[in-house]
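One-letter residues, chain by chain:
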Amino acid sequence: MAGKYIIRVTAGSDYDLDRHVVVPVNSHSPLKVSSDLMDAELNVRVQNYSGLPRNSPSTSAYFSQEPHATNRDQYSIAIRFTPRGFASSSGPKTISNGLHGPSNNPPSSSSSSLEASEEDGDEEILDGISGEDLQFGNDFDHPIRDRLPPGFSYAMNIVKWWIDPGLEGDAYADKPYLYGSALSSFNAIHVGLGEVNPDKGGLWFEEGGDDAGLKEREDIGAPRTAKDRMKWALKPANKSRWCFQNGKTYCMDFFNPYLDFNEFSLRLPGFTLPIMKYWDGQSLRYVLRNRSTNDTYLVIVFTLHLKEDVNEDGSLKPSALEATKGANKATEESGKVATEATDVAANPENVDDGVD
(Lines give C-alpha, C1' and ligand atoms only; values in the text may rest on other atoms or scores of the structure.)
Protein backbone atom coordinates (compact mmCIF):
# COMPACT_ATOMS: atom_id res chain seq x y z
CA MET A 1 0.00 0.00 0.00
CA ALA A 2 2.78 2.43 0.90
CA GLY A 3 4.17 2.15 -2.62
CA LYS A 4 1.10 3.95 -3.99
CA TYR A 5 1.93 7.15 -2.14
CA ILE A 6 4.53 9.89 -2.17
CA ILE A 7 5.26 12.23 0.73
CA ARG A 8 5.24 16.03 0.56
CA VAL A 9 6.38 18.33 3.38
CA THR A 10 5.12 21.90 3.68
CA ALA A 11 5.61 24.62 6.27
CA GLY A 12 4.10 27.96 7.23
CA SER A 13 3.52 30.24 10.17
CA ASP A 14 -0.07 29.05 10.71
CA TYR A 15 -2.53 26.30 9.83
CA ASP A 16 -3.55 27.78 6.47
CA LEU A 17 -2.13 25.36 3.88
CA ASP A 18 -2.71 27.92 1.12
CA ARG A 19 0.07 29.98 2.68
CA HIS A 20 2.46 27.06 3.13
CA VAL A 21 5.51 26.45 0.98
CA VAL A 22 7.07 23.13 0.04
CA VAL A 23 10.04 22.22 2.24
CA PRO A 24 13.16 21.13 0.31
CA VAL A 25 13.79 18.02 2.39
CA ASN A 26 17.47 17.17 2.95
CA SER A 27 18.62 20.44 1.40
CA HIS A 28 21.39 22.12 3.40
CA SER A 29 19.82 25.54 2.69
CA PRO A 30 17.34 26.47 5.44
CA LEU A 31 13.82 27.51 4.49
CA LYS A 32 12.81 30.91 5.89
CA VAL A 33 9.36 31.40 7.42
CA SER A 34 8.27 34.69 8.98
CA SER A 35 5.21 36.27 10.54
CA ASP A 36 4.37 39.22 12.76
CA LEU A 37 5.27 37.04 15.73
CA MET A 38 8.56 35.47 14.72
CA ASP A 39 11.28 34.76 12.18
CA ALA A 40 12.33 31.17 11.64
CA GLU A 41 14.67 29.11 9.53
CA LEU A 42 13.91 25.44 9.02
CA ASN A 43 15.70 22.29 7.89
CA VAL A 44 13.80 19.02 7.60
CA ARG A 45 15.95 15.93 7.11
CA VAL A 46 14.57 12.46 6.41
CA GLN A 47 16.69 9.33 6.05
CA ASN A 48 16.06 7.30 2.86
CA TYR A 49 13.76 10.03 1.54
CA SER A 50 11.95 9.41 -1.74
CA GLY A 51 9.32 12.12 -1.65
CA LEU A 52 8.73 15.57 -3.12
CA PRO A 53 10.22 17.75 -4.47
CA ARG A 54 11.35 15.41 -7.25
CA ASN A 55 15.04 14.53 -7.18
CA SER A 56 15.40 15.46 -3.52
CA PRO A 57 18.51 13.98 -1.86
CA SER A 58 17.74 10.63 -0.28
CA THR A 59 19.70 11.52 2.82
CA SER A 60 21.61 14.35 4.50
CA ALA A 61 25.16 14.75 5.76
CA TYR A 62 23.45 15.41 9.10
CA PHE A 63 22.86 11.68 9.61
CA SER A 64 26.56 10.85 9.36
CA GLN A 65 27.37 13.21 12.25
CA GLU A 66 27.30 12.22 15.90
CA PRO A 67 25.16 11.49 17.81
CA HIS A 68 22.84 10.82 14.86
CA ALA A 69 24.99 8.12 13.26
CA THR A 70 25.15 6.10 16.48
CA ASN A 71 21.47 6.73 17.26
CA ARG A 72 20.47 5.77 13.71
CA ASP A 73 18.16 8.76 13.69
CA GLN A 74 15.54 8.68 10.95
CA TYR A 75 14.49 12.32 10.76
CA SER A 76 15.16 15.79 12.12
CA ILE A 77 13.21 19.04 12.38
CA ALA A 78 15.75 21.79 13.08
CA ILE A 79 14.50 25.32 13.76
CA ARG A 80 16.32 28.61 14.20
CA PHE A 81 13.69 30.66 16.03
CA THR A 82 13.60 34.40 16.79
CA PRO A 83 10.46 35.69 18.57
CA ARG A 84 9.42 39.18 17.50
CA GLY A 85 6.86 40.23 20.08
CA PHE A 86 3.48 39.72 21.63
CA ALA A 87 0.26 38.92 19.81
CA SER A 88 -2.25 41.73 19.60
CA SER A 89 -4.91 39.40 21.03
CA SER A 90 -3.39 39.15 24.49
CA GLY A 91 -1.28 41.14 26.83
CA PRO A 92 2.25 40.33 27.97
CA LYS A 93 2.81 38.10 30.94
CA THR A 94 4.30 39.63 34.07
CA ILE A 95 6.99 38.02 36.16
CA SER A 96 8.36 38.60 39.63
CA ASN A 97 11.91 39.43 40.67
CA GLY A 98 13.27 40.12 37.21
CA LEU A 99 13.16 38.54 33.78
CA HIS A 100 13.59 34.95 34.90
CA GLY A 101 11.51 34.90 38.07
CA PRO A 102 8.44 32.75 38.68
CA SER A 103 5.66 33.71 36.25
CA ASN A 104 2.14 34.78 37.20
CA ASN A 105 -1.04 34.00 35.28
CA PRO A 106 -1.52 36.03 32.08
CA PRO A 107 -3.32 39.32 32.76
CA SER A 108 -6.49 40.27 30.95
CA SER A 109 -4.94 43.14 29.03
CA SER A 110 -1.59 44.76 28.37
CA SER A 111 -2.69 47.97 30.08
CA SER A 112 -3.42 46.12 33.32
CA SER A 113 0.01 44.52 33.07
CA LEU A 114 1.68 47.89 32.78
CA GLU A 115 -0.29 49.25 35.71
CA ALA A 116 0.69 46.26 37.84
CA SER A 117 4.31 46.76 36.83
CA GLU A 118 4.22 50.38 37.92
CA GLU A 119 2.63 49.52 41.26
CA ASP A 120 5.05 46.73 42.13
CA GLY A 121 8.72 47.45 41.57
CA ASP A 122 9.53 43.74 41.73
CA GLU A 123 7.38 42.96 38.68
CA GLU A 124 8.52 43.38 35.10
CA ILE A 125 6.92 42.71 31.75
CA LEU A 126 8.10 39.45 30.22
CA ASP A 127 9.63 40.57 26.93
CA GLY A 128 9.29 37.22 25.23
CA ILE A 129 7.75 33.77 25.61
CA SER A 130 7.83 32.02 28.96
CA GLY A 131 9.43 28.60 29.04
CA GLU A 132 6.11 27.40 30.49
CA ASP A 133 4.28 28.45 27.34
CA LEU A 134 6.29 27.43 24.27
CA GLN A 135 4.98 24.04 23.13
CA PHE A 136 5.87 21.62 20.33
CA GLY A 137 3.82 18.66 19.24
CA ASN A 138 1.16 17.17 17.00
CA ASP A 139 -2.52 17.79 16.38
CA PHE A 140 -5.07 16.36 13.99
CA ASP A 141 -8.19 17.47 12.14
CA HIS A 142 -10.35 14.41 12.78
CA PRO A 143 -10.79 11.75 15.47
CA ILE A 144 -8.26 8.94 15.47
CA ARG A 145 -9.74 6.98 18.40
CA ASP A 146 -11.35 4.42 16.07
CA ARG A 147 -8.04 3.90 14.26
CA LEU A 148 -5.80 3.50 17.28
CA PRO A 149 -4.07 0.10 17.20
CA PRO A 150 -4.16 -2.52 19.95
CA GLY A 151 -1.50 -1.65 22.49
CA PHE A 152 -1.75 2.10 21.89
CA SER A 153 -1.91 2.87 25.62
CA TYR A 154 1.20 0.75 26.12
CA ALA A 155 2.95 2.64 23.30
CA MET A 156 2.02 5.98 24.87
CA ASN A 157 3.47 4.84 28.17
CA ILE A 158 6.71 4.04 26.34
CA VAL A 159 6.72 7.48 24.71
CA LYS A 160 6.11 9.28 27.99
CA TRP A 161 8.61 7.20 29.90
CA TRP A 162 11.33 6.83 27.28
CA ILE A 163 11.03 9.94 25.08
CA ASP A 164 9.18 12.85 26.73
CA PRO A 165 7.46 12.60 30.13
CA GLY A 166 6.20 16.17 29.64
CA LEU A 167 3.73 15.29 26.88
CA GLU A 168 0.10 16.16 27.46
CA GLY A 169 -2.99 15.89 25.29
CA ASP A 170 -5.98 13.79 24.32
CA ALA A 171 -5.69 11.14 21.59
CA TYR A 172 -9.39 10.26 22.00
CA ALA A 173 -10.76 13.77 21.40
CA ASP A 174 -12.65 14.84 18.30
CA LYS A 175 -9.63 16.96 17.42
CA PRO A 176 -6.74 14.99 18.95
CA TYR A 177 -3.60 16.74 20.09
CA LEU A 178 -0.39 15.89 21.88
CA TYR A 179 1.88 18.75 22.93
CA GLY A 180 4.98 18.92 25.06
CA SER A 181 6.94 21.80 26.48
CA ALA A 182 9.59 22.89 23.98
CA LEU A 183 12.12 22.81 26.80
CA SER A 184 11.57 19.09 27.41
CA SER A 185 10.57 18.02 23.88
CA PHE A 186 13.45 19.26 21.73
CA ASN A 187 16.51 17.02 21.81
CA ALA A 188 18.90 19.96 21.47
CA ILE A 189 18.46 23.62 22.40
CA HIS A 190 21.18 26.16 21.64
CA VAL A 191 20.83 29.73 22.88
CA GLY A 192 22.37 31.70 20.03
CA LEU A 193 22.67 31.58 16.25
CA GLY A 194 24.31 28.21 15.85
CA GLU A 195 25.63 27.75 12.31
CA VAL A 196 24.64 26.77 8.80
CA ASN A 197 27.14 24.14 7.73
CA PRO A 198 26.55 22.34 4.38
CA ASP A 199 28.99 19.60 5.43
CA LYS A 200 26.71 18.81 8.37
CA GLY A 201 23.40 19.14 6.54
CA GLY A 202 22.58 22.83 7.03
CA LEU A 203 21.44 24.16 10.39
CA TRP A 204 23.84 22.69 12.91
CA PHE A 205 24.09 23.24 16.62
CA GLU A 206 24.60 21.26 19.77
CA GLU A 207 23.16 21.64 23.24
CA GLY A 208 24.35 24.82 24.92
CA GLY A 209 24.76 28.22 23.34
CA ASP A 210 27.16 30.98 22.44
CA ASP A 211 29.02 32.73 25.27
CA ALA A 212 26.06 34.94 26.18
CA GLY A 213 23.64 32.02 25.86
CA LEU A 214 25.69 29.80 28.13
CA LYS A 215 25.81 32.60 30.70
CA GLU A 216 22.01 33.00 30.57
CA ARG A 217 21.50 29.28 31.03
CA GLU A 218 23.90 29.23 33.97
CA ASP A 219 22.14 32.21 35.59
CA ILE A 220 18.78 30.39 35.69
CA GLY A 221 20.22 27.01 36.63
CA ALA A 222 19.54 25.31 33.30
CA PRO A 223 21.81 22.26 32.96
CA ARG A 224 24.43 22.17 30.21
CA THR A 225 23.57 18.72 28.85
CA ALA A 226 20.45 17.92 26.83
CA LYS A 227 19.34 14.99 28.95
CA ASP A 228 19.61 16.97 32.18
CA ARG A 229 17.93 20.03 30.65
CA MET A 230 14.96 17.94 29.49
CA LYS A 231 14.58 16.46 32.98
CA TRP A 232 15.03 19.90 34.58
CA ALA A 233 12.27 21.33 32.37
CA LEU A 234 9.68 18.88 33.69
CA LYS A 235 9.28 21.11 36.76
CA PRO A 236 7.07 24.19 36.18
CA ALA A 237 9.20 26.27 38.53
CA ASN A 238 12.23 25.64 36.32
CA LYS A 239 10.41 26.31 33.07
CA SER A 240 9.15 29.62 34.43
CA ARG A 241 12.75 30.83 34.84
CA TRP A 242 13.40 30.44 31.10
CA CYS A 243 12.35 33.19 28.70
CA PHE A 244 12.55 32.98 24.90
CA GLN A 245 13.36 36.65 24.59
CA ASN A 246 12.04 38.80 21.76
CA GLY A 247 14.77 39.61 19.27
CA LYS A 248 17.03 36.82 20.51
CA THR A 249 17.68 33.66 18.49
CA TYR A 250 17.22 30.11 19.73
CA CYS A 251 18.13 26.94 17.83
CA MET A 252 16.10 23.81 18.48
CA ASP A 253 16.42 20.33 16.97
CA PHE A 254 13.88 17.51 17.23
CA PHE A 255 15.14 14.11 16.10
CA ASN A 256 14.76 10.41 16.83
CA PRO A 257 15.16 6.92 15.34
CA TYR A 258 11.56 5.86 15.93
CA LEU A 259 9.57 7.13 12.93
CA ASP A 260 10.56 5.68 9.56
CA PHE A 261 9.12 7.79 6.73
CA ASN A 262 10.41 5.39 4.09
CA GLU A 263 8.61 2.31 5.39
CA PHE A 264 5.90 4.31 7.19
CA SER A 265 6.39 2.56 10.49
CA LEU A 266 6.81 3.56 14.12
CA ARG A 267 9.43 1.61 16.03
CA LEU A 268 9.52 2.11 19.77
CA PRO A 269 11.44 -0.05 22.25
CA GLY A 270 9.40 -3.24 22.40
CA PHE A 271 6.66 -1.96 20.08
CA THR A 272 6.41 -1.67 16.28
CA LEU A 273 3.46 -0.12 14.46
CA PRO A 274 2.88 -0.41 10.69
CA ILE A 275 1.38 3.05 10.19
CA MET A 276 -0.33 2.38 6.86
CA LYS A 277 -2.45 -0.35 8.41
CA TYR A 278 -4.15 2.21 10.66
CA TRP A 279 -3.76 5.39 8.58
CA ASP A 280 -7.00 7.29 7.94
CA GLY A 281 -5.66 9.73 5.35
CA GLN A 282 -4.72 12.57 7.71
CA SER A 283 -1.46 14.45 7.54
CA LEU A 284 1.15 14.33 10.28
CA ARG A 285 1.44 17.85 11.61
CA TYR A 286 4.07 19.36 13.93
CA VAL A 287 3.18 22.66 15.59
CA LEU A 288 5.24 25.21 17.52
CA ARG A 289 2.76 27.23 19.57
CA ASN A 290 2.10 29.31 22.66
CA ARG A 291 0.07 27.63 25.39
CA SER A 292 -1.12 30.86 27.03
CA THR A 293 -1.87 33.08 24.03
CA ASN A 294 -2.72 30.22 21.61
CA ASP A 295 -0.53 31.87 19.00
CA THR A 296 0.88 29.60 16.33
CA TYR A 297 4.50 30.20 15.30
CA LEU A 298 5.37 27.37 12.93
CA VAL A 299 3.44 24.48 11.36
CA ILE A 300 5.20 21.65 9.51
CA VAL A 301 2.97 19.18 7.65
CA PHE A 302 3.90 15.73 6.29
CA THR A 303 1.24 14.69 3.75
CA LEU A 304 0.89 11.49 1.72
CA HIS A 305 -0.44 11.92 -1.83
CA LEU A 306 -1.34 9.24 -4.32
CA LYS A 307 1.45 9.14 -6.88
CA GLU A 308 -1.16 9.40 -9.64
CA ASP A 309 -2.23 12.77 -8.20
CA VAL A 310 1.21 14.31 -8.64
CA ASN A 311 2.52 15.80 -11.89
CA GLU A 312 5.97 15.02 -13.26
CA ASP A 313 7.26 18.39 -12.05
CA GLY A 314 6.12 17.55 -8.52
CA SER A 315 3.10 19.85 -8.49
CA LEU A 316 -0.28 18.55 -7.41
CA LYS A 317 -2.98 17.78 -9.95
CA PRO A 318 -6.33 19.64 -9.65
CA SER A 319 -8.01 16.74 -7.84
CA ALA A 320 -5.30 16.70 -5.18
CA LEU A 321 -5.45 20.49 -4.86
CA GLU A 322 -9.20 20.36 -4.27
CA ALA A 323 -8.68 17.71 -1.60
CA THR A 324 -6.05 19.93 -0.01
CA LYS A 325 -8.45 22.89 0.08
CA GLY A 326 -11.03 20.74 1.82
CA ALA A 327 -8.41 19.60 4.30
CA ASN A 328 -7.39 23.22 4.82
CA LYS A 329 -10.82 24.13 6.21
CA ALA A 330 -10.67 21.20 8.59
CA THR A 331 -7.14 22.16 9.57
CA GLU A 332 -8.09 25.72 10.51
CA GLU A 333 -11.02 24.39 12.55
CA SER A 334 -8.69 21.90 14.23
CA GLY A 335 -6.46 24.75 15.33
CA LYS A 336 -9.44 26.49 16.93
CA VAL A 337 -10.56 23.34 18.74
CA ALA A 338 -7.05 22.57 19.99
CA THR A 339 -6.92 26.13 21.29
CA GLU A 340 -10.22 25.66 23.14
CA ALA A 341 -9.07 22.31 24.55
CA THR A 342 -5.84 23.71 25.93
CA ASP A 343 -7.74 26.69 27.32
CA VAL A 344 -10.00 24.33 29.26
CA ALA A 345 -7.03 22.27 30.46
CA ALA A 346 -5.22 25.38 31.66
CA ASN A 347 -8.26 27.16 33.12
CA PRO A 348 -10.95 24.64 34.15
CA GLU A 349 -12.50 27.21 36.44
CA ASN A 350 -13.57 29.21 33.38
CA VAL A 351 -15.70 26.40 31.91
CA ASP A 352 -19.42 27.19 31.81
CA ASP A 353 -21.17 24.16 33.31
CA GLY A 354 -24.61 25.55 32.44
CA VAL A 355 -25.64 25.89 36.10
CA ASP A 356 -26.74 29.36 37.20
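Up top is the structure these notes are about.
All values derive from a computational prediction rather than experimental measurement. (Residues numbered from 1 in each chain as written. Predicted model: local features only at pLDDT ≥ 70, side-chain atom pairs only at ≥ 80, totals over all residues. Heavy atoms only, no water.)

Asker: Just give me the short version of the overall build of the chain, but keep the residues and values in it.
Answerer: Across its full length, the chain carries 9 helices and 22 strands. Residues classed as buried in the chain amount to 52% of the 356 residues present. Counted over contacts in the chain with a minimum sequence separation of 6, partners at least 24 positions apart contribute 69%. Within the structure as shown, the chain displays about 17,000 Å² of accessible surface, and the carbon and sulfur contribution to it stands at 49%. (Helix = DSSP H or I, 4+ residues; strand = E, 2+ residues; numbered from the N terminus. Buried < 20%, exposed > 50% of the residue type's maximum accessible area, 1.4 Å probe, protein only. Contact = heavy atoms within 4.5 Å. Areas by Shrake-Rupley, 256 points an atom, 1.4 Å probe, with all protein chains shown as cover.)

Asker: Could you give an account of the pairing of strand 21 (residues 284–290), naming the residues involved and the relevant values?
Answerer: The buried fraction of strand 21 is high, at 6 of 7 residues. With 5 bridges joining them, strand 9 (residues 134–139) and strand 21 adopt antiparallel strand pairing. Looking at the pairing, glycine 137 lines up with valine 287 of strand 21. Here strand 21 runs beside strand 22 (residues 296–306); their pairing, made up of 6 bridges, is antiparallel. Within strand 22, the residue paired with arginine 285 across the bridge is valine 301. (Pairing = 2+ DSSP bridges.)

Asker: Outline the environment of methionine 230, listing residues and values.
Answerer: In this structure, methionine 230 sits in helix 6 (residues 226–232). Along the backbone, methionine 230 and isoleucine 163 are 67 residues apart, and their C-alpha atoms lie at a distance of 9.9 Å. Once you skip the residues sitting within four places of it in the chain, methionine 230 turns out to touch Ile163, Leu183, Ser184, Ser185, Phe186 and Asn187.

Asker: How would you summarise the sheet that holds strand 5 (residues 75–83) if you had to cite specific residues and measurements?
Answerer: As summarised here, the arrangement of the 6 strands in space is 3-4-5-17-12-15, forming an open sheet in which the pairing is mixed. Of all the strands in the sheet, just strand 3 (31–34) and strand 15 (208–209) have a single pairing partner and so form its edges. With 2 bridges connecting them, strand 12 (residues 188–191) and strand 15 associate as parallel partners. Residue pairing for strand 15: histidine 190 is matched across the bridge by glycine 208.

Asker: Now, about helix 5 (residues 211–220): what can you tell me, with residues and values included?
Answerer: For the α-helix, the turn length of 3.6 residues means that residues three or four positions removed from each other point alike. Taken together, the buried positions of helix 5 are occupied by Gly213, Arg217 and Ile220. Taken around the axis of helix 5, the buried residues stretch over an arc of 75 degrees, which confines them to a single face. In helix 5, the exposed positions angled more than 90 degrees off the buried face are occupied by Asp211, Glu218 and Asp219. Elements in contact with the buried residues of helix 5: strand 12, strand 15 and helix 6. The backbone nitrogen of alanine 212 lies 3.3 Å from a side-chain oxygen of the residue at the head of helix 5, namely aspartate 210. (Arc of directions from axis to C-beta. Polar contact = N/O pair within 3.5 Å; in protein donor to acceptor, adjacent residues only side chain to side chain.)

Asker: So, the sheet that holds strand 19 (residues 265–268): which residues are in play, and what are the values?
Answerer: Strand order in this open sheet of 3 strands is 18-19-20, and the pairing throughout is antiparallel. Both edges of this open sheet fall to strand 18 (259–260) and strand 20 (271–274), since each of them pairs with a single strand only. Looking at chain direction, strand 19 and strand 20 are connected through 4 bridges and run antiparallel. Paired with arginine 267 across the two strands is threonine 272, which belongs to strand 20.

Asker: Would you mind going over the environment of proline 165 in detail, with residue names and values included?
Answerer: Looking at where proline 165 falls in the secondary structure, it is placed in the loop between helix 3 (152–163) and strand 10 (168–170). Along the primary structure proline 165 and serine 185 are separated by 20 residues, whereas in three dimensions their C-alpha atoms are 8.8 Å apart. Excluding anything up to four places from it in sequence, proline 165 contacts Lys160 and Leu234.

Asker: I'd love a proper account of the side chain of aspartate 139, names of residues and values included.
Answerer: Inspection of the secondary structure assignment puts aspartate 139 in strand 9. Note on aspartate 139: relative accessible area 0%, which makes it buried. Among the polar contacts listed, one links the side chain of aspartate 139 to the side chain of tyrosine 179, at a separation of 2.6 Å. Of note is the side chain of aspartate 139, whose polar atom sits 2.6 Å from the side chain of arginine 285.

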